[in-house]
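Structural overview
Each chain is listed here by its residues.
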Amino acid sequence: MLSRTADHLYWMSRYTERAENTARMLDVNYQTSLLPQSAAVAQVGWQGLLSISELLPAYAAKHGDIEQQRVMEFMVKDESNPSSIVSCLKAARENARAVRGSLTTEAWETQNQTWLEVNRMIKAREFERDPGQFFEWVKFRSHLSRGVTVGTMLMDEALHFMRLGTFLERADNTARLVDVKFHAVQSDFFGAASEKDQEYDFYHWSAILRSVSAFEIYRKVYRDVIKPERVADLLILRPDMPRSLHASLNEVVQNLASVANDQSSETQRRAGKLRADLQYGDIDEILATGLHAYLTQFLDRVNELGVRISRDFLVPAHA
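Presented here is a report on the structure given in the accompanying data block. (Residues numbered from 1 in each chain as written. Predicted model: local features only at pLDDT ≥ 70, side-chain atom pairs only at ≥ 80, totals over all residues. Heavy atoms only, no water.)

A closer look at the packing of helix α1 (residues 3-33) against helix α8 (residues 131-152)
With their axes 9 Å apart at the nearest point, α1 and α8 run at an angle of 150 degrees to one another. Overall, the two elements α1 and α8 adopt an arrangement that is roughly antiparallel. Crossing of α1 over α8 shows left-handed handedness. Facing Thr16, Glu17, Ala19, Glu20, Ala23, Arg24, Leu26, Asp27, Tyr30 and Gln31 of α1, the residues of α8 in contact are Pro131, Gly132, Phe135, Glu136, Val138, Lys139, Ser142, His143, Ser145 and Arg146. (Axes fitted to C-alpha atoms, helices over the stretch in contact; angles between N-to-C directions. Helix = DSSP H or I, 4+ residues; strand = E, 2+ residues; numbered from the N terminus. Parallel < 35°, antiparallel > 145°, perpendicular 65-115°, else oblique. Left-handed = near helix turned anticlockwise from the far one by under 90°. Contact = heavy atoms within 4.5 Å.)

Written as structure tokens, this is what we have:
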């Protein structure tokens, strides 16, 4: 397969997944902001969201103080922010258009329709009217895009590169979410003693689980009150939880094997090693040695995998 085509398919999927993950994170913060909380705690939440996405400097340069409405607009519709939902959907559509011939009509139509529709919604100010509904729509379009891809594309290299982009992006985003959210809680509410704090604790963890569609899964797996260490276990180590780091790496390893070439053996080895660490990991050990350090290292390794995949399969940086 032409590396240029592979590159467009890979990034089309990464941008679609990134738009969905941004919508999920904004949604959880928006829902949490509706709970009774002090202005300082609310500000920490929005600041955390910007640091998850490494957008704090860009936001500060443009807007200065952190305000909920400004953060949401910056992350939803600001085209000067390459990670905003609108920028991601635009980039996904541009990449899809470049390889129109490698996509089925349904796969192309889904990307194109999403882009046209998001523009209409932004113009009609539907996002301002009901942010929650807008975020649901973004998630739904991403689900649709994945479903149409798997349901209509030939199971060849094109599909494997698209899946590779999706799950590498998902691993990155889930790790960022867990890291920032645990950080916020450990400084404020971790192991809350008073009843009021415990109640907040419950809502906080419920919101995090809902942000990765894991609330019902948690109930089914643990049948217990929501405990931080179990949330971490579910989102990091469970291979049967669709958005966990383990499940994402399983997909990365599998799809890498399907597109392997003469120079990709080292990339496969590193992906396999990272997957093995998750497969044989123990949440108590991870928490004892420090969750933040663990996730920072994980993000570095995922980032390095992305660089290696680009070098092994995709368009060289100078092209």
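Considering the layout of surface pockets
Estimated volume of the largest pocket: approximately 570 Å³. Around the largest pocket, the lining is made up of 27 residues, and of these Ile52, Ser53, Glu54, Asp172 and Arg176 lie nearest the centre. The set of elements that each furnish at least two residues to the lining of the largest pocket consists of α1, α2 (39-52), α9 (157-188) and α16 (291-313). No other element matches the eight residues that α16 contributes to the lining of the largest pocket. Grouping the constituent residues of the lining of the largest pocket by class yields ten nonpolar, nine polar and eight charged. (1 Å grid on protein atoms, 1.4 Å probe; cavity = no way out; pocket = protein on both sides within 12 Å on 5 of 7 lines; lining within 4 Å. Points joined across faces, edges and corners; volume = space filled by probe spheres on them. Nonpolar A, V, L, I, M, F, W, Y, C, P; charged D, E, K, R; others polar.)

A look at the nonpolar core
Core analysis: the largest hydrophobic core is formed by 79 residues, its most contacted members being Leu26, Ile85, Phe134, Phe135, Ile236 and Phe298. Here this core takes ten residues from α9, the largest share from any one element. With twelve residues, the next largest nonpolar core counts Val99, Ala107, Met153 and Leu159 among its residues. (Core = buried A, V, L, I, M, F, W, Y, C linked by side-chain atoms within 4.5 Å. Buried < 20%, exposed > 50% of the residue type's maximum accessible area, 1.4 Å probe, protein only.)

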